[in-house]
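What the coordinates show
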Amino acid sequence: MWRKSKPYLLLLPAIATIVLLFFGGLFDGLLKSLGYFPAIGETRLELTAYAEVVQSDGFWESLELTLRVAVLSSILAGILGGILGVSLFLLNEASKTGQARVWHRLFQLPLTIPHLVGGYVVVLLFMQSGLLSKLLASLGVIDELTDFPVLVNDPFGWGIILTYAWKEAPFVSLLIYPVLSRIQRSWRDVSRVFGAEKWNFIREIVLPVMLPSWTIAVFIVFVFTFSAFEVPFLLGVTYPGMLPVYSYQLYTSGTFADRPEALAVNIILAALTIALGLVIYYFSKRWQVWKGWA
Amino acid sequence: MNDLRILHLEKKYSKTAAAGQEPFVLQPVDLTIREAEFFTLLGPSGCGKTTLLKLVAGLLQADSGQLWLGDSELTAVPPEDRRFSMVFQQPLLFPHMTIEDNVAFGLKMQKVKRKKRLSLAQEMLEFVGLAGFESRFPDGLSGGQQQRVALARALVADPRLLLMDEPFSALDPGLREEMRELLSRIQKQLGVTVLFVTHDREEAFELSDRIGIMGNGRLLQVGTAMELYELPASTQIARFLGMKNIIPGTVHGGRFISNEGVFEFSAGNSVKAGEWCLILRPEALQLLAPGTPAPAGALLVRGEVGRMKFHHGLYQCKLHVGGAQLDCTLSRQQAESLAAGQVYDFFVLPDDLHLVGI
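So, how was this worked out
- Residues numbered from 1 in each chain as written.
- Chains lettered and ligands numbered in written order.
- Predicted model: local features only at pLDDT ≥ 70, side-chain atom pairs only at ≥ 80, totals over all residues.
- Helix = DSSP H or I, 4+ residues; strand = E, 2+ residues; numbered from the N terminus.
- Buried ≥ 20, exposed ≤ 12 C-beta atoms within 10 Å, placed from the backbone.
- Contact = placed C-beta atoms within 7 Å.
- Domains from an automatic or database assignment.
- Nonpolar A, V, L, I, M, F, W, Y, C, P; charged D, E, K, R; others polar.
- Axes fitted to C-alpha atoms, helices over the stretch in contact; angles between N-to-C directions.
- Left-handed = near helix turned anticlockwise from the far one by under 90°.
- Pairing = 2+ DSSP bridges.
- Right-handed = clockwise from strand over helix to strand, strands pointing away.
- Core = buried A, V, L, I, M, F, W, Y, C linked by C-beta atoms within 7 Å.

For the rest of this paragraph, the subject is the overall build of chain B. The helix and strand inventory of chain B stands at 10 helices and 20 strands. Structurally, chain B occupies a C-alpha span of about 75 × 45 × 45 Å along its principal axes. By the burial criterion, 40% of the 358 residues in chain B qualify as buried. Restricting to contacts in chain B with at least 6 residues of sequence separation, those with at least 24 account for 66%.

As structure tokens, this is what we get:
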């Protein structure tokens, strides 16, 4: 009995903390978004905050920006990560030395850098008075620093997109690389004997093998960027902000009465994230990522 | 004729040699494999047979030499353009493809239209006894079935040469036997030229039209199974073929005398004086019925019968002759008329006395 329950008991402190802080916070947020706010004497549950959120232009503009940034960052990160993963795989195939391993570690470097630092790196590199614009000006490519396009704190969200593309590409490659590393070196011999040139091998074997994992990795990046806060806060514009920033602004700048609205935005965000998570789960089950692998 | 001609093909592995070891060298090989022939390279592990196979496939680059198929030279042609097929030791099917897509892979690379290639794949699957498995994935098949699929994949593209690198060595004995029969039947029906690599003597003898025996990076002898068995060119080949009755001696004045002086017979005038070995096949030692004379010119061997073992319908018997111990194969009737520990007369016909140089 003790032996059976021991692992669960050992996990209890961690689980309790997660349940209390995460689910507790979420539940508290849900109650407050429904107008339950005893501190200001509100104890009724109603959907007023949700109705106000849905009717406000700010919410829809923010949602549009959030979707655009999340879609573009995950596609860019997916393409970059895919190229990275396949390049590493081909490098590993071609060289028998540890060269590929060194490159692999180097490409994984962005994983170790916090998002906030990544955001600052993008600011320093891509702002109009940043390193890149100064470099282009000194090379004579642009006349003035102001000729450099606004990529940081721009309404379109390029700064955020660039940060996530750079930061999440190694994550995508990290997720697909184990799949690629299961491709046996002898498969290349098999494919060559049967008439496949290198590109045929990539198209027929490498890409189909990595596609399910790649798609799931891109979905994860999408869900993450959809609900991330610090980079949009640092690199976005005041209006429209991405949904998490919009919610933060509502929460901190308004009165107590605005808080249910801010929390309603959070709950909508959480619901959308959960829905997207379920979509990923559905596809991963349907595609059976490891289908055919003994 | 689309014979495959290997001319002085050579390969040296300098980088892979471990410290203090000589690098492996495949000595220049000259060999012609006839169209529709089943040719086997037979030899122990590490003798260079797979290296030679990969050189023929184009998966390894030869240091020197040429490779021709009919009138076209293939030496510098990359493997993807040779139109050969290969079955490896492992099935190496692509796990993300269905069985029919795996089989049709070579045809797809040849840009055959989808409908046609799938129909050809289905036909070939039926040919190897796997009709109905088209839409399955490789992990749903047993090892033997997967190797059948690999065979179908290799045959469906109508290859100019089928290369096989110990394809049945990972299968259990019963399945191996079944696959040999299947391969033999298919090869005869399709008339495909096969270059087969194995270290299994039985497999080579059962399947091949001709066999090339390899050892230490050299092609030692080429011949039919019977030629190799009855007339091995060296003691190394005889030992590899499992012969144990190898008796060292010398030839002097046209006569062979074994080192212990037990065996002595006329070797003929064409045999040079020097050190030689007598190779006696176990079944060449025949029991002489008591009171009957030995045939003219036969070598008479008197020995004490030792331990007898029943094996594959025959008896394997140890015969102590002087200081030597010979292996001898007897029929059940003959064996039952003998008693262990007793001395009996045996004879060997002159044609069965085979001498090889040391």
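Taken domain by domain, chain B consists of domain 1 (4-233) and domain 2 (243-357). Summarising the inter-unit geometry, the C-alpha centres of domain 1 of chain B and domain 2 of chain B are found 39 Å apart.

To continue, consider helix α1 (residues 49-57) of chain B. All names here are of chain B. The element α1 is extensively covered by neighbouring structure, given that nine of its nine residues are classed as buried. Among all positions in α1, only Lys 49, Thr 50, Thr 51, Leu 52, Leu 53, Lys 54, Leu 55, Val 56 and Ala 57 are buried. Remark: Gly 58 follows α1 within two positions and exhibits a positive phi of approximately 95°.

Residues and elements named next belong to chain A. Under the domain assignment used here, chain A contains domain 1 (13-46) and domain 2 (58-287). Inter-centroid distance (C-alpha atoms) of domain 1 to domain 2 is 32 Å. Of the residues lining the interface, eight residues belong to domain 1; the matching set on domain 2 comes to eight residues. Of the residues in the side of domain 1 that touches domain 2, the class split is four nonpolar, three polar and one charged.

On to the interface of chain A and chain B. The interface is formed by 18 residues belonging to chain A together with 20 residues belonging to chain B. Listing elements by their share of the side of chain A that touches chain B, those giving two or more residues are α8 (185-193) and α9 (198-227) of chain A. Tallying contributions element by element places α8 of chain A first for the side of chain A that touches chain B, with six residues. Broken down by class, the residue content of the side of chain A that touches chain B amounts to 10 nonpolar, four polar and four charged.

What follows concerns the packing of helix α3 (residues 57-94) of chain A against α9 of chain A. For any two helices packed against each other, the geometry comes down to the angle between their axes and how far apart the axes lie. All names here are of chain A. One can describe the packing of α3 onto α9 by two numbers: an axis separation of 9 Å at closest approach and a directional angle of 145°. In terms of crossing hand, the pair formed by α3 and α9 is right-handed. Here the residues of the contact of α3 with α9 sort into 15 nonpolar, eight polar and no charged.

Residues and elements named next belong to chain B. Taken together, five strands build an open sheet; the order of strands is β13-β12-β11-β14-β20 and the sheet is antiparallel. Of all strands in the sheet, those bounded by a partner on one side alone are β13 (264-266) and β20 (354-357). The sheet shows a mean angle of 35° between the axes of neighbouring strands, direction not considered.

Strand order in the open sheet formed by five strands is β15-β19-β16-β17-β18 (chain B), with antiparallel pairing between adjacent strands. Among the strands making up the open sheet, the edge pair consists of β15 (286-287) and β18 (324-330) of chain B.

To continue, consider the pairing of strand β7 (residues 161-165) of chain B. All names here are of chain B. The element β7 is extensively covered by neighbouring structure, given that five of its five residues are classed as buried. Where burial is concerned, the two faces of β7 agree: the one with Leu 161, Leu 163 and Asp 165 and the one with Leu 162 and Met 164 are both buried. One ladder, built from four bridges, connects strand β6 (residues 84-87) with β7; its direction is parallel. Bridge pairing in β7 places Val 87 opposite Met 164. Note: β7 against strand β8 (residues 194-198), four bridges, orientation parallel. Bridged to Asp 165 within β8 is Val 197. The handedness of the β7 to β8 crossover, carried by helix α6 (residues 173-190), is right-handed.

Let us look at the nonpolar core. One finds Ala 152 and Leu 163 of chain B to be the most contacted residues of the largest nonpolar core, which totals 154 residues. Examining the composition of this core, we find that 12 residues originate from one element, α9 of chain A, more than from any other. In contact with Ala 152 of chain B, not counting residues within four places along its chain, are Val 103, Met 124, Leu 125, Phe 127, Val 128 and Leu 130 of chain B.

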